[in-house]
Amino acid sequence: MLHSGMGQLLSCVNDIADLDHVEESPAALQQCPQDDVEKRRAALQRHPPGHYRHLTSLVNLANSLADRFERLGALSDLDEAIELHRASLLLHPLGYSDRPTILNNLANGLRDRFTQRGIPSDIDEAIEHHRAALLLCPPGHSLRSRSLNNLAISLQDRPGKQRDILSDLDEATELLRDALVLCPPGHSLRSSTLNNLANSLKARSKQRGIPADLDEAIELLRTALLLCPPDHPLRLTSLNNLARSLRGRFQQRGVSSDLDEAIELYRAALLLCPPGHSLRSTSLNDLAISLRARFEQRGVASDLDESIELLRVVLLLGPVGHSDRSGFLNSLANSLYDRFKQRGILSDLDEAIELHQAALLLFPPGHPDRPVSLNNLGLSIKDRFKQRGVPSDLDEAIELHQAALFLCPHGHFNRSTSLNNLAMSLRDRFNQRGISSDLDKAIELHQAALLHRPHGHPDRSASLNNLAMSLRDRFKQRGTLSDLDEAFRLFLQLSHISHAVSRMDLTAAKSWATSAEETNHDSALLAYQTALKFLDHHVALLSSSPRYFDVVRMVTAVLGMDAFSCGVRRGTLATAVELVEQGRAVFWTQSARLRAPLDELSLLGDTGAALEKEFKQLSFRLRSVFDESGEDQSPEIRQLTMQWNDVVSRIRMLPDFSRFLLPPLFSDLQKAAEEGPVIIVNASRYSCDALIILSSQDPVHVPLDIVQTEVSELSSEFQSLSEQFGSSNHLLKLASILRKLWREVVDSVVQALKESKVQPGSRIWWCPTAEFTLLPLHAAGPYEKKKDNLSDIYISSYTPTLATLIRARQQVSGDASPQHFVAIGQANPKGAKALENVAPELAVVAQRLASVVSVTSLADGDATVQGALDALNHNQWLHLACHGMPNRQQPFESSFAMRDGFLMIKDIIRSNWQNPEFAFLSACHTTVGDEKSPDESIHLAAAMQFSGFRSVIGSMWSVDDDVARQVVSTFYGNLVDGSERLDCTRAAGALHKALKSLRKKISLEQQIVFVHIGV
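This section reports on the structure supplied with the text.

Conventions used here
Residues numbered from 1 in each chain as written. Predicted model: local features only at pLDDT ≥ 70, side-chain atom pairs only at ≥ 80, totals over all residues. Heavy atoms only, no water. Helix = DSSP H or I, 4+ residues; strand = E, 2+ residues; numbered from the N terminus. Buried < 20%, exposed > 50% of the residue type's maximum accessible area, 1.4 Å probe, protein only. Contact = heavy atoms within 4.5 Å. Areas by Shrake-Rupley, 256 points an atom, 1.4 Å probe, with all protein chains shown as cover. Pairing = 2+ DSSP bridges. Phe/Tyr/Trp six-rings, centres within 6.5 Å; stacked < 30°, edge-to-face > 60°. Lys NZ or Arg CZ within 6 Å of the ring centre and 35° of its normal. Axes fitted to C-alpha atoms, helices over the stretch in contact; angles between N-to-C directions. Parallel < 35°, antiparallel > 145°, perpendicular 65-115°, else oblique. Left-handed = near helix turned anticlockwise from the far one by under 90°. Salt bridge = Lys/Arg side-chain N within 4 Å of Asp/Glu carboxyl O.

### Brief notes about the overall build of the chain
Along the backbone of the chain there are 42 helices and 16 strands. Of all 1015 residues assigned to the chain, the portion counted as buried reaches 59%. For the chain, restricting intrachain contacts to residue pairs at least 6 apart in sequence, the fraction spanning at least 24 positions comes to 69%. If you sum the accessible surface of the chain, you get close to 40,200 Å²; carbon and sulfur atoms cover 52% of it.

Quick look at the structure:
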């Protein structure tokens, strides 16, 4: 007997459902072993034409071949299945009850072949057969809902060249709405029909750009997924369809949560496709493509690396001859190309080109994916030209992009990308050969691309930037002012972007700022403000986990320093302060969002106290989940983030909390100078300046008699010298550097401080940027007899940012609270040489403090990583004597050497210590941070300060073991000095006094190695 059953709901490659399948029995349908085809071929030979089982055997062999094609992708199986279905149709004349089923099976095979080979006649014939089947299934017929579904799916698949694509999609949508009416809740086809209607709406949204269609599709798919609990045969289909739709909405609107949810769904789908599953390669491919998309938005290298590893597995599962091999080749090539763009590894580019060339051979003329393949190969070859300079590569890239554009007529979804790619290649050829017509054509193409990217389009900023830069190039060549004016009119549109910010938006804003600087355009300051606003939004997408520091480092670069310089040069000093604060130490600033001081909230009664409690709980849970999770956006993280954002919004509605966690205004930042002036010292390619922040008057600008390259050279010279400290006498060279620092930077600042009535002996705070962070500003001086060095005039401290200093001042413990002090010493650490003076140093600390506080000592076998962390949970005051181990390439792995291993920065910042006050880090290199971005201040001392310590003493280079003991003894004597309680605000003065008293006993390099950070 012929049985009509439902086959695989979804072809994962095409988002479609096969709703008819002919089989001997439901049990046979579920079991299709590898040798099934040969068994059924033998059955057909036993049942020649005229045999009563001939028709059944014909249909069953056709279905087994179709099933094997689905598993293995051999097109010869599909071709044979179609011919068998044609033969069976001839044996089912009009009036035969199973004719609709045979028509549908033949049509489904033709549709599958169309998706593989792109032959238009196949999809047209499929639609004709589906229409014929529907005519045989009038209202009330048991197969009507299936036939409505199948006709709709084929209409969705027919490309626009054959017929009006929108009328096809409109008809498909209406057919599926009719089908859904025939599938009420509880109906076996309801889930599949919901999926198909959603896919039709998604396709129509892609063509017409109607957001409501895509939103409706996603809601339908959520409903369909609810109808497919675990173990449901259609759950895999529903997971994939919802994931694809969310990824599509992300591509339209750039909302990161859509992409994060899509990745979660793809991971869930992959779990349902274990090794050997026919859809495992497709599932791996979908997940890999989505991870690559997230990399493109956020730049997290681990996403891209995971994508490449998944795609290498996919390619092994799709050998030569596999129907999906072209797509797999393309996906892996794209991810390798992205990694080349990020890391510059030429072997990645060469492999990407080979893969793209192999993929293009599998997309013959007429194939719907040929334009994408041409574009991808063109981009890769253009980059090879940029690397190796072979002119023929650029010409070949242009030809490929021209061919791609020819295949993307008006209305084609990929037209804007093709316009953009060809335009950029022509602009590159103009820059190489100076042919004006290339630039004119590039501008024309960029203008056309921009029309396809309206407000809200995620690629609009890229088009604005590309067109503006091309117009700027033409202005440079011909001097036509209207081109320059139009370029900046385009750039100005960036300031109005309101959608979720991507790396491309930030890149475009940086490009605007650079162009404005080069042409001295008056929009430069707005460009920096826009770029830093984008930076804040972009970094907010990332957790505060150290694994995202590379992304932070990449997107920040010199942005804050150049913005500060721009503000200073334009006389807007308060704005300059706001901008530099926003653009540096971004990792710590982002992390502080989860550690905001909320003491004032509790003063607002029950509402404030409840919000304070809710915020602290959510922040702590978010930090914990971020640290434990292997992914940036697990369901728990996304839910917690939504709750966290909600409580932040409610806090901002309270009086005086409207700017809670927003970048601070100058009026707030000025509070950093309440206890003494803060001097920002900035090095930018545009100017080097100091700005003195005073508590009750406008900032004072001090132009510096040095340029950025000289600062960089001086910093490098000093770093090289400091690495040799301790091995020989470098007094003369060190004094020369300190004199130059005085002459070209610090002396003019001191004169300005005196003019601002800052009295000698006062405390001052240095807030250096860029290469200035690596120089000992506190030690500058003329180093001549009868002339004062800086340390003879003022008491210097440092702060990474103004906000950090303000936060430290706000974290005041009650006067009556008990004080707990722990001294941790490790003289024999794992993996480092022994230290002789650790035990005497701990003894000195305990002796000096005996009159005011009881000191707990943790040494030798007790000074383990966990032992130190546990001690810090119960003590607010810390003295740490051990080896400091900086790691300038991986700064979060900088560490203190304990008996059993290393207490790293990444361990410290996970801690949640209660009201820590002071830390003396008697270890080497505790203020040495990341070599590529010193502005981020990722070093041991900063980590302690970020973790809550209000006042920290650290070292800029190697500390002599015996010198450390002498400094420590004198420092703690000065700190106590008759007091009844320890006061961390006295630490800077105590250190200053200690070093001054030891000048004649220790070398210059050891006199200036220790620095104070904080209050």
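### Observations concerning the sheet that holds strand S11 (residues 884-885)
The antiparallel open sheet is built from 3 strands, whose spatial order is S11-S12-S13. The open sheet has two edge strands with one neighbour each: S11 and strand S13 (902-904).

### Re the packing of aromatic side chains
Using the criterion set out here, one finds 13 aromatic pairs in the structure. In this structure, Arg 809 is placed above the aromatic ring of Trp 765, and the distance from its NZ or CZ to the ring centre is 4.9 Å.

### Topic: the packing of helix H6 (residues 120-135) against helix H7 (residues 144-157)
One way to put it is that H6 packs onto H7 with a least axis distance of 9 Å and a crossing angle of 160 degrees. In terms of axis orientation, H6 runs roughly antiparallel to H7. For the pair H6 and H7, the crossing hand works out as left-handed. In this structure, H6 uses Ile 123, Ala 126, Ile 127, His 130, Arg 131, Ala 133 and Leu 134 to contact H7, whose residues at the interface are Arg 144, Ser 147, Leu 148, Asn 150, Leu 151, Ser 154, Leu 155 and Asp 157.

### Points about the pattern of salt bridges
All told, the structure shown has 57 salt bridges when counted by the stated rule. Between Arg 41 and Glu 80 there is a salt bridge whose closest N-O contact spans 2.5 Å. With Arg 41 in helix H2 (residues 36-46) and Glu 80 in helix H4 (residues 75-90), this residue pair connects regions lying 39 residues apart in the sequence. On the basis of relative accessible area, Arg 41 is assigned to the partly exposed category, the value being 24%. Residue classification places Glu 80 among the partly exposed positions, given a relative accessible area of 25%. A salt bridge links Arg 650 to Glu 614; the nearest nitrogen and oxygen atoms lie 2.8 Å apart.

### Quick word on the pairing of strand S5 (residues 700-703)
Of the strand pairs in this sheet, strand S4 (residues 688-693) and S5 are connected by 4 bridges, and their pairing is antiparallel. Paired with Ala 690 across the two strands is Val 702, which belongs to S5.

By themselves, these observations are geometric and do not establish any function.
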